[in-house]
Amino acid sequence: QVFWQKGFEATSIQDLVDAMGINRASLYDTFGDKQALYRRALACFAQREAAQQQALADTSLPLRERIRAYLSLHPSGPALGCMITNAAMERAYTDCEVRAAYNKSLEASLASLRSLLAQGQGDGEIAKDKDAQALACTLAMVAQGLRAHARAAPGCDAVCVPAIEGALALLG
């Protein structure tokens, strides 16, 4: 959670030791270094995010409500945004592993969205002439913007709610 709150650069080893309730030697013995612990935290967040997306796929809610829930995953939560989006904004330019984690997360989101949209087209909730790939890309990018905005401007309902409604309107 410390990395999620502060980012990699602003998090000190002492912050991590204090949050984890362990001593420095234990941190280094268990994780190796700060970078390795950061990668592990990103992987844990990615697993949690994947589980949330799978839960949305497994529900019987109408498609629009599942897409609304997907777009609202992080903006409605704590003012931390999405850890992977935050990491990408902070470090993707200089850290190829963060960039890879972001790209993997984005691909998983796109696959999940394409599946939801194809199901919606099959069920008649979305017109079959809609380009599911283009919609998935658009929704994923709206989600990224919402996640970044949630971090930069907590309590962003005045912007986030209309953005979500506008994205849902694209479904027809």
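Residues numbered from 1 in each chain as written. Predicted model: local features only at pLDDT ≥ 70, side-chain atom pairs only at ≥ 80, totals over all residues. Heavy atoms only, no water.

### A short note on the side chain of R147
Inspection of the secondary structure assignment puts R147 in helix α8 (residues 132-152). For R147, a relative accessible area of 1% gives the class buried. (Helix = DSSP H or I, 4+ residues; strand = E, 2+ residues; numbered from the N terminus. Buried < 20%, exposed > 50% of the residue type's maximum accessible area, 1.4 Å probe, protein only.)

### A word on the packing of aromatic side chains
Scanning the model with the defined rule gives four aromatic pairs in all. Considering the side-chain rings of F3 and F8, the 6.1 Å spacing of their centres and the 15° angle between planes classify their relative orientation as stacked. For the pair F3 and Y38, a centre-to-centre distance of 4.9 Å together with 75° between the ring planes defines the contact as edge-to-face. Note that F3 is positioned in helix α1 (residues 2-10) and Y38 in helix α4 (residues 34-58), a separation of 35 residues in sequence. (Phe/Tyr/Trp six-rings, centres within 6.5 Å; stacked < 30°, edge-to-face > 60°.)

### As for the nonpolar core
In this structure, Y38, I67, Y70, L71, L117, L139 and L171 are the most contacted members of the largest nonpolar core, which totals 47 residues. Leave out the neighbours within four places in its chain, and Y70 touches Q53, L56, S109, L113, L139, A140, A143 and R147. (Core = buried A, V, L, I, M, F, W, Y, C linked by side-chain atoms within 4.5 Å. Contact = heavy atoms within 4.5 Å.)

### Considering the pattern of salt bridges
All chains considered together, the criterion is met by seven salt bridges. The salt bridge involving R39 is made with E97; its shortest N-O contact spans 2.2 Å. One end of the pair, R39, is in helix α4; the other, E97, is in helix α7 (residues 96-122), and 58 residues separate them in sequence. Residue classification places E97 among the partly exposed positions, given a relative accessible area of 40%. The partner of R68 in a salt bridge is E65, and the shortest N-O contact between them spans 3.3 Å. Highlighted residues: R68 and E65, both in helix α5 (residues 63-71), separated by three residues, approximately one helical turn. Judged by its relative accessible area of 25%, R68 is partly exposed. (Salt bridge = Lys/Arg side-chain N within 4 Å of Asp/Glu carboxyl O.)

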